[in-house]
Amino acid sequence: MVTNISEQSTELLSVSPKEAGLRNRCLTLLQQISQVENTNLDDLVWEVSFTHHRYKNSKVVLDFAPFCQSELAFAKTVKVLWETDQAIELSPVVFAKWLFLELVQDQSVDYRCVWLLDLLKMLFHYLKVEKLIVLTEAQLPDFFSLLLTHDFDNNRFVKRFSIPAYGSRIKLFTLRSIYKLLTRHRVRVLLNQIDITSQNKALNEACLSQTGMTLTDYKAGGSFDFLGLDIGRHYIDYCAEFFEQNITFATAVSKTLKQMKTYIEGIGGLKSGTISRLIRVVANMLQLGQQPKKYRNGRLEHEKVYELELMVLNKALTVFQQAYNECVIHNKAYSLDVLNAVAADLGVKEFRLDTHEFIRAMLYTRFVDGDIKSRKSICEEYKSVILTSDFANGAFKWQLDEFDQVCDKYIAGFTIEQNEVSDLCKKFSTSNNSIKNNNGLKAFLSDVEAAGITLFAAYTGWRASEFGFPLSAISVEINKDIVDSSYTPFRFYVNWTASKTSGDTALRREITQSTAMVANQISQLNCAGAEDPALISVTISNKNNLATRVEKMWLRFPFEYALFKELDELEALNAVKGALSADKRISYMRLNKKYDIKNSLAQEVIKLRNQLRHGVAKLELSKRSYQKENRSTARFSETLRRYKQGTLDTTSTNLLNESLSEKTKSHIFSNDNDNDNGNESVFRSETVRGIREEFVHDVLKVTPHAFRHIWAEAILQRYRGDVGRFIRANFKHIDERFFMAYLRNKEVKSIYDVAKRTTINSVVQKHVASLKDERRSYSGGFDRFVSKAVNLTKVVTNEEYVVIANKIAKERVIDIKSNAWATCILRAGTESHAKCSVDGIPQRHNASPKLCLGCINADIINSNFAGIVIYTQNDVEVCKNPNLPLSIKEFHVATLRKALLRIAELKVNEKSSSYDDFITHLEGVISDVDKEGHLNG
């Protein structure tokens, strides 16, 4: 429950002589903006008519009620000096009313008044959250970042889908005017003196870090849409799946087209028409699997052309087969499906953090660079250093030649013979609609390139200007870090310019092996030379080119994403009345085991799927074109005309009805003068733009800069299970050394700080929502805190769950830090109780299982299981070592007891038997130490 600050908050001021002057001033200002209505100064909600005659029937609603709540009470009272030179103490709501009225005097009443009031709410709430009473120059970049990325709704900050227009928010925030007013009445809170230069500098910094554009561009109408990890991870998974499925075929097509063009043009004596015909023969085979047709008339020259076509076709089949089989080794070998299959055959535990990295390293030394480090030494180091316990070791009896045999089995299954090329081309033509159309091959290759570039952008969070590097800029070195070199033997670097960071000086930045492989695959797709740009077929330094690539797959994503399609199928099977066929029953059992459709996480994905598909329908309607009688093209204006006349199709009409406000719909159907040439069916262009913006304002979209935010959130959640399949595979092994190098950049740190706030809200919301689920994958001190908070407040409705989650995220959580074995969610008031605390101050850089697993701030989920297994490995080894004294073992067995408790909690909450082997293993180790102690005692 939110609490009232004051029961007297609705009464502005008494009429004592001391306060009469201020009250009269407020009454005068209120009468200026409310000339029609008899608005009561003491009411919490004011409804005031617009000033402009065109909108005489419209009103603005000014709601001061939130200022009565604790969430906006940055100070209990505010002292204001009036004419009597005596200070008047005002409650936050009274102070807000006076401040608002002073700021809007002599201004027209319109929506800007509401926007200004919203800004004051955000300022009050920001100060309360940050435990401040005054905004200083130091906090400006952070506060402006908040204004750009969030709204204030239901007494909390809510992340926006897109940045607000400059004129609707930032322009209204005139710090100089506010400070002058406060100084005149000797108000010592809310705002310090900040000159316009400092304000613009801070705002420019916020614009660059949060949107990738300058303040000048933002003022000129630049826009940016936010796409956080909760949504972005699904788009990244879709693009990665599309890229993995198609990169081998696409690369073979690209290489075949290039080589065959050179080959055909090298045949002597051919006319240009014949050359074009032969190139089409190759293209038809690649696009549709078609063979050239023999001429019916049997003329000699036609027979010769036909023989030439067969010769060219045969050559093309050979080139394609060779190119495909070369690509399949490099591409399929590194796919997640193959990595998982190899791990399973070798007996490597699937849950391990290091499994994929180890297998990738082995494949790299086999197929790319065999001289950098011995494959045998990599294999032996991994087995001896990491996999030493009975639980982890399992079936690790294989040698290097057996590893190669397992890999060959899966890679060989993808190679093709020449007589299989035509069928393969037909298969891809059937599964990819873009191939069938005109310029199908070109469109298909562009789609694959776009998917790969999107994946690279997600893995790095780089700007467009940083994408121009060639493959020669990528280097690989032996990892000299003792801790992780056993499963990550190599480190990859890009030595290239980052104009906004290092200017024209090359900057050496680390990337993951997965990122380096994606760059290599895209370079091969584009047949790029060693010094050509690796990532794109045209200049990527132009940010519009990068935007085109990352947006390219967006409209297809909601309908082709495998996860969404499987949920479609499961919902359809659930809806079937009567018995299912044998095949459908098998599908139902498989999907029902994979997805708990009643679970809060599954419901969240279903809601997102529906929202995305709904958004695509709105975008398509907003861009729909119509052919007019004079052969000109009309777009949204024609849609509105038909909507007004009642001739628009039912589906589109329903979309407009549910998306537009009642005021806008009333405006469309009215017969006022807001039209051109006196024609009631023709709207002014500015009206059309305004209605279209309202229609699509909540539609989710993707931009290149969004991936910088996604990258920051992925870093914070890299050990959590709900970050996406491909992000998890790329980020889960990254230690703090890797990303801290990026955070030294001030802009990236600003993005990271905003991402931290978003991540805290997301993590807490999901945690609280999971309490309604029958099976939930949580344990640890933070889980106990959340469960207790919900039980004590007797939460029942969904709205109450949201309220308690917001309260925890805003008022209790101070910071978040990701570790492999647990996420540290530091809460206010727990600093001295944290297990890592020294002299009452948490030392979270000392995080370890021995501290975190018993800490009240530890948030442990099922994906932390792997980290617990790996990072308690040393404790297990010590406890099992017969040569070590009991006094040393007792220290380590304490950590194992905590690990056992946390895993047992996961097992109970998740109702899963997947933890049984490890639980049995730990119980055995602990029991042996206890027996040893009993014997020694």
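Structure's up top.
As a starting point, this report considers the structure included with it. The structure presented is a predicted model; accordingly, all values stated were derived computationally and were not measured.

## Let's talk about the overall build of the protein
No. 1: In terms of helices and strands, the protein carries 40 helices and 19 strands.
No. 2: Burial status across the protein gives 53% buried among its 937 residues.
No. 3: Surface exposure of the protein reaches about 43,200 Å², of which carbon and sulfur atoms provide 50%.

## Some details on unusual backbone geometry
For residues that are not glycine, phi is negative in most cases, and the peptide bond is trans in most cases.
No. 1: Here Arg-186, not a glycine, exhibits a phi torsion of approximately 50°, which is positive.
No. 2: Relative to the helices and strands, Arg-186 is located in the loop between α5 (175-184) and β8 (190-191).
No. 3: The phi torsion at Asp-839 lies on the positive side, around 55°, for a residue other than glycine.
No. 4: You can call Asp-839 exposed: its relative accessible area is 78%.

## Description of the environment of Glu-357
No. 1: Its place among the elements puts Glu-357 in helix α12 (residues 355-367).
No. 2: Sequence-wise, Glu-357 and Pro-489 are 132 residues apart; in three dimensions their C-alpha atoms are separated by 8.7 Å.

## Quick look at the sheet that holds strand β11 (residues 506-511)
No. 1: Here three strands make up an open sheet; going across it, the order is β9-β10-β11 and the pairing antiparallel. In this open sheet, the two edge strands, each paired with only one partner strand, are β9 (474-478) and β11. Going from strand to strand, the sheet's axes swing by 30° on average, the running direction of each strand aside.
No. 2: Contacting β9, β10 (490-497) and β11, helix α20 (residues 513-525) runs over the sheet at an angle of about 115° to β11.

## Overview of the pattern of salt bridges
Two side chains of opposite charge can pair, provided their charged atoms sit close to one another.
No. 1: Considering all chains together, one arrives at 39 salt bridges under this definition.
No. 2: Notably, a salt bridge pairs Glu-102 with Arg-25, separated by 3.0 Å at the nearest N-O pair. Linking Glu-102 in helix α2 (residues 92-104) with Arg-25 in helix α1 (residues 17-33), this pair joins segments that are 77 residues apart in sequence.
No. 3: Using a relative accessible area of 29% as the deciding quantity, one classes Arg-25 as partly exposed.
No. 4: Linking Lys-665 and Glu-662 is a salt bridge whose minimum nitrogen-to-oxygen distance equals 3.1 Å. One end of the pair is Lys-665 and the other is Glu-662, both in helix α28 (residues 662-669) and three residues apart, which spans about a single turn.
No. 5: The exposure class of Lys-665 is buried, given its relative accessible area of 13%.
No. 6: Overall, the relative accessible area of 60% leaves Glu-662 in the exposed class.
No. 7: Through salt bridges with shared partners, one network takes in Arg-366, Arg-375, Asp-404 and Asp-408.

## So, helix α3 (residues 111-129)
No. 1: For α3, spanning 19 residues, the distance from its first C-alpha to its last is 27 Å, which sits close to the expected 27 Å at 1.5 Å a residue.
No. 2: Just past α3, the residue Lys-131 takes up positive phi, approximately 60°.

## With respect to the pairing of β10
No. 1: Pairing between β9 and β10: five bridges, direction antiparallel. When the bridges of β10 are listed, Glu-477 appears paired with Arg-491.
No. 2: Two elements, β10 and β11, share six bridges in a ladder whose sense is antiparallel. Note that in β11 the partner of Asn-495 across the bridge is Arg-508.

## Looking at the side chain of Arg-613
No. 1: Residue position: Arg-613 is located in helix α25 (residues 600-622).
No. 2: Judged by relative accessible area, Arg-613 falls into the buried class, the value being 19%.
No. 3: Residues in contact with Arg-613, not counting those within four places in the same chain, are Pro-558, Phe-559, Phe-564 and Asp-568.

## Here's the deal with the sheet that holds strand β16 (residues 823-827)
No. 1: Ordered by their spatial adjacency, four strands build an open sheet running β14-β19-β16-β15, and the pairing between neighbours is antiparallel. Looking along the sheet, the strands with just one partner apiece sit at the ends: β14 (778-779) and β15 (813-818).
No. 2: Summarising the sheet, β14 and strand β19 (residues 858-861) pair through two bridges and their orientation is antiparallel. Residue Tyr-778 lies in a different strand from β19, and its bridge partner there is Ile-861.

## Considerations on helix α26 (residues 636-645)
No. 1: Considered for burial, the residues of α26 that qualify are Phe-636, Glu-638, Thr-639, Leu-640, Tyr-643 and Lys-644.
No. 2: Considering only its buried residues, α26 is in contact with α25, β12 (626-627), β13 (633-634), α27 (650-659), α28 and α29 (685-696).
No. 3: Positive phi appears at Gly-646, one or two residues downstream of α26, with a value of about 80°.

## With respect to the nonpolar core
No. 1: Tyr-235, Phe-249, Phe-320, Phe-469, Trp-554 and Phe-707 are the most contacted members of the largest nonpolar core, which has 118 residues in total.
No. 2: Top contributing element to this core by residue count: helix α8 (residues 229-265), with 16 residues.
No. 3: Mapping this core onto the domain boundaries places at least three of its residues in each of domain 2 (334-417) and domain 3 (562-612).
No. 4: For Phe-249, the contacting residues outside a window of four places in its chain are Leu-286, Phe-320, Tyr-324, Leu-424, Cys-425, Phe-428, Ile-435 and Phe-444.
No. 5: Among the nonpolar cores identified, the runner-up in size contains 74 residues, and Leu-99, Leu-127, Phe-152 and Tyr-218 belong to it.

## Points about the packing of α26 against α28
No. 1: Running from N to C, α26 and α28 point in directions that differ by 85°, and their axes come no closer than 9 Å. Regarding the angle of α26 to α28, the classification is roughly perpendicular. Of α28, the residues touching α26 (which contributes Leu-640, Tyr-643 and Lys-644) are Lys-665, Ile-668 and Phe-669.
No. 2: Taken together, the residues that form the contact of α26 with α28 break down as four nonpolar, no polar and two charged.

## As for the side chain of Ser-254
No. 1: Note that Ser-254 resides in helix α8.
No. 2: Not counting the four nearest positions on each side in its chain, Ser-254 is found in contact with Leu-445, Leu-525 and Cys-527.

## Things to note about the pairing of strand β7 (residues 156-159)
No. 1: Bridge count between strand β6 (residues 150-153) and β7: four bridges; the pairing is antiparallel. Paired with Asp-151 across the bridge in β7 is Val-158.
No. 2: With antiparallel pairing between neighbouring strands as the criterion, β6 and β7 make up a hairpin whose turn holds two residues, including Asn-154 at a positive phi of roughly 55°.

## With respect to the packing of aromatic side chains
No. 1: Scanning the model with the defined rule gives 34 aromatic pairs in all.
No. 2: Here the aromatic rings of Phe-64 and Phe-100 are separated by 5.7 Å at their centres, their planes lie at 75°, and the arrangement is edge-to-face. With Phe-64 in the loop between β2 (59-63) and β3 (78-81) and Phe-100 in helix α2, the pair connects residues that are 36 residues apart, well separated along the chain. Each member of the pair Phe-64 and Phe-100 is classed as buried.
No. 3: The rings of Trp-46, Phe-64, Phe-67, Phe-74, Phe-95, Trp-98, Phe-100 and Phe-124 are connected pair by pair, giving a single aromatic cluster.
No. 4: Above the ring of Tyr-801, the side-chain terminus of Lys-772 is found at 4.9 Å from the ring centroid.

## Focus on the environment of Leu-424
No. 1: With respect to the helices, strands and loops of the structure, Leu-424 is situated in helix α16 (residues 421-431).
No. 2: For Leu-424, a relative accessible area of 11% gives the class buried.
No. 3: Taking C-alpha positions, Leu-424 is 7.7 Å from Gly-289, a pair spaced 135 residues apart along the chain.
No. 4: In contact with Leu-424, not counting residues within four places along its chain, are Phe-249, Phe-320, Tyr-324 and Ile-416.

## Details of the environment of Arg-188
No. 1: Here Arg-188 shows up in the loop between α5 and β8.
No. 2: Distance in space between the C-alpha atoms of Arg-188 and Val-134 is 7.9 Å, their sequence separation being 54 residues.

Reading the values: the criteria
Residues numbered from 1 in each chain as written. Predicted model: local features only at pLDDT ≥ 70, side-chain atom pairs only at ≥ 80, totals over all residues. Heavy atoms only, no water. Helix = DSSP H or I, 4+ residues; strand = E, 2+ residues; numbered from the N terminus. Buried < 20%, exposed > 50% of the residue type's maximum accessible area, 1.4 Å probe, protein only. Areas by Shrake-Rupley, 256 points an atom, 1.4 Å probe, with all protein chains shown as cover. Pairing = 2+ DSSP bridges. Axes fitted to C-alpha atoms, helices over the stretch in contact; angles between N-to-C directions. Contact = heavy atoms within 4.5 Å. Salt bridge = Lys/Arg side-chain N within 4 Å of Asp/Glu carboxyl O. Expected span 1.5 Å × (residues − 1). Core = buried A, V, L, I, M, F, W, Y, C linked by side-chain atoms within 4.5 Å. Domains from an automatic or database assignment. Parallel < 35°, antiparallel > 145°, perpendicular 65-115°, else oblique. Nonpolar A, V, L, I, M, F, W, Y, C, P; charged D, E, K, R; others polar. Phe/Tyr/Trp six-rings, centres within 6.5 Å; stacked < 30°, edge-to-face > 60°. Lys NZ or Arg CZ within 6 Å of the ring centre and 35° of its normal.

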